[in-house]
Amino acid sequence: MALDAKIPGGSLAEKWTQYKSKIPLVNPANKRSLEIIVVGSGLAGASAAASLAEMGYKVKVFCFQDSPRRAHSIAAQGGINAAKNYQNDGDSVYRLFYDTIKGGDYRAREANVYRMAEVSTNIIDQCVAQGVPFAREYGGLLSNRSFGGTQVQRTFYAAGQTGQQLLLGAYSALERQIGYGNVTMLSRHEMLDIVKIEGKARGIIARNLVTGELERHFGHAVLLCTGGYGNVFYLSTNAMGSNVTAAWKAHKRGAFFGNPCYTQIHPTCIPVSGDHQSKLTLMSESLRNDGRIWVPGKQNDTRKAIDIPEEERDYYLERRYPAFGNLVPRDVASRAAKERCDAGYGVGSSKMAVYLDYADAIDRYGKQEATKLGEQASEARIRELGKEVVKAKYGNLFDMYKQITGENPYEEPMRIYPAVHYTMGGLWVDYNLMTTVPGLYALGEANFSDHGANRLGASALMQGLADGYFVIPYTIGAYLSTEIRTKAIPTTHEAFEEAENNVRNTLNQMLNIKGTKPVDHFHKALGRIMWDECGMSRNEAGLKQAISDIRAIKTEFWSNVRIPGTSDELNPELEKAGRVADFIELGELMCIDALNRNESCGGHFREEYQTEEGEALRDDENFAFVSAWEYLGAMGFELHKEELIYENIKIAQRSYK
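Residues numbered from 1 in each chain as written. Predicted model: local features only at pLDDT ≥ 70, side-chain atom pairs only at ≥ 80, totals over all residues. Heavy atoms only, no water.

Colleague: Residue-level account of empty space enclosed by the protein, with values.
Modeller: Counting across every chain of the model gives two cavities of 30 Å³ or more. Approximately 70 Å³ is the volume found for the largest cavity. Every residue along the wall of the largest cavity is listed here: Thr263, Gln264, Ile265, Asp331, Ser334, Arg335, Asn454, Met536 and Gly603. Those elements giving two or more residues to the lining of the largest cavity turn out to be strand S11 (263-269) and helix H9 (330-342). Residue classes in the lining of the largest cavity are distributed as two nonpolar, five polar and two charged. Here the second largest cavity is characterised by a volume of approximately 40 Å³. (1 Å grid on protein atoms, 1.4 Å probe; cavity = no way out; pocket = protein on both sides within 12 Å on 5 of 7 lines; lining within 4 Å. Points joined across faces, edges and corners; volume = space filled by probe spheres on them. Helix = DSSP H or I, 4+ residues; strand = E, 2+ residues; numbered from the N terminus. Nonpolar A, V, L, I, M, F, W, Y, C, P; charged D, E, K, R; others polar.)

See below:
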């Protein structure tokens, strides 16, 4: 089955403008009678809910946290991309579009990516108006820094807490609408099923996580803004609560899952320290803006970093990729770090780490400051001045590293290693952000649409806010304009009854197993398989074994998991069990997808398909498509394809040299 992405006609640069001018509208009086459910309150969810409520729709927002401010969007601290060209270094909407397509290894949809690049400039203006405290230059203009995969400075930032500040802006807009009574906010609620009536999404079943009560909620449309599924690997940079359950329940109700095997390994994370860990800590990619990455020039070197002279260091990214250096895309930097460590050049007690060194940056900034002050400064004074500049740019990140490791990154290099971070796969959506279930939309990281096989840094915040503020307020009208005659459907409808019973039966089934193994046992076992066989590299034999092993885990889970407590109370273990059950099924699909894609592209690195230099080797003739998987229950999954047609960009082998 070929999928229709509903991409409008016209030239790439005019598609969105022309489409907006012709899209069906809902008049203000009719908006007041249309109800929209938004699941998730991070950047995509909060911005969408605030915008739709401002337009006059009745909106209900659900999040499993105790406050929308706790959404995982706060963890994307490095910055947000926008093609404003404030640095006058040659940036443009087209260049942002091109960098994103190339960074995603030519596996993203042109029309969606161009639209995101086009509205990126509006996002910055919107956020400044909300009071987001972006960093500014001395003269008052907004500051920019570089991120991986680009040769311009287009990343706007607020020190090392950009995601947090952007979320506070969206949260303020959301709270304003809550105050007006246009939004009903239900925190500590988890969506556990989609309700479909006559093929359309008409509501959800949610569990009140405090009381355990199952609730029915109607909506003319449902928006899933529930983030990514990186926690399928158990150890990731994601918040512990981040999960795939909402998207997976939608998948089981008919929403196709796009490119599930495309997961991003972030190269700049604090290395694993032992089996006691439940998550990993991301050191923002913004640190690669000024930091230099290196390993010792000889294998198994046990000397301290400060004792290794310059000539005995291998700045391997600068050596292999001179044009981009330390700012190559994440998938390239991650594989390069793994290659060095596997070859015996790793550092630290585990030897599974590389150095991220700020000595040169501190020296450079210190000299600049001394010159500005007119000082004939000593080396100690230069270091002091340089540290102050670095602290202003990245201070909270340096403090976080010191708190976690006990080491001072101002005095010695950080140790970093790749870790699971972002998922480019997600629910398949068309140009309107609608899934294959009419009336069901997916925004932000929950959909697959904008990043191809690898996301460039600082583009996650851009996509979430583009979808919420500037895309869905237009595109949802195309659907809701046909629903104005649909009255609110009572939640006594048999479809709500059936969905609630389905949820209750699943919860009771898990609770009644009364096995011997805790939920974490299964999550850790799944995570090990996923990291070893479907992580930074994959191969046919490993993926086939992984599929078999995951099916065995699923069988054991449903026969031997132990969940204390009951369903009609606060029960975090029951919450976790449901999420892990979904991760197990998703893990199998991820491996099936990776096995099916006989090529390497972006974050999907099949060992059988690589160049002589160890780079990803695509097969554009056979695999230039989106893998969209349909859930068939006990029969497994069926593959559907959306062919990717490039009319504006010439496909080429990626090179960052």
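Having put the structure on the table, let's press on.
Colleague: Requested: an account of the nonpolar core, with residues and values cited.
Modeller: Among the nonpolar cores identified, the biggest contains 153 residues, and Ile80, Leu223, Leu224, Tyr441 and Ile476 are the most heavily contacted of them. Ranked by the residues each element gives to this core, the list is headed by helix H16 (residues 572-596), at 12 residues. Setting aside chain neighbours within four positions, we find Leu224 in contact with Val39, Met191, Ile194, Ala246, Ala247, Ala250, Leu427, Leu440, Tyr441, Ala442, Leu443 and Ala446. Grouped together as the second largest cluster of nonpolar side chains are 33 residues, Ile293, Leu317, Tyr321 and Tyr345 included. (Core = buried A, V, L, I, M, F, W, Y, C linked by side-chain atoms within 4.5 Å. Buried < 20%, exposed > 50% of the residue type's maximum accessible area, 1.4 Å probe, protein only. Contact = heavy atoms within 4.5 Å.)

Colleague: Explain H16 to me, and be specific about the residues and the numbers.
Modeller: If you check H16, its first and last C-alpha atoms are 36 Å apart, about what 25 residues at 1.5 Å a residue would give, namely 36 Å. Of all the 25 residues making up H16, 20 are buried; the element is thus mostly covered by neighbouring parts of the structure. (Expected span 1.5 Å × (residues − 1).)

Colleague: Explain the sheet that holds strand S15 (residues 414-423) residue by residue, including any values.
Modeller: Pairing is antiparallel across the open sheet formed by five strands, whose spatial order is S11-S15-S14-S12-S13. Looking at the sheet topology across the chains shown, the edges are occupied by S11 and strand S13 (313-314). (Pairing = 2+ DSSP bridges.)

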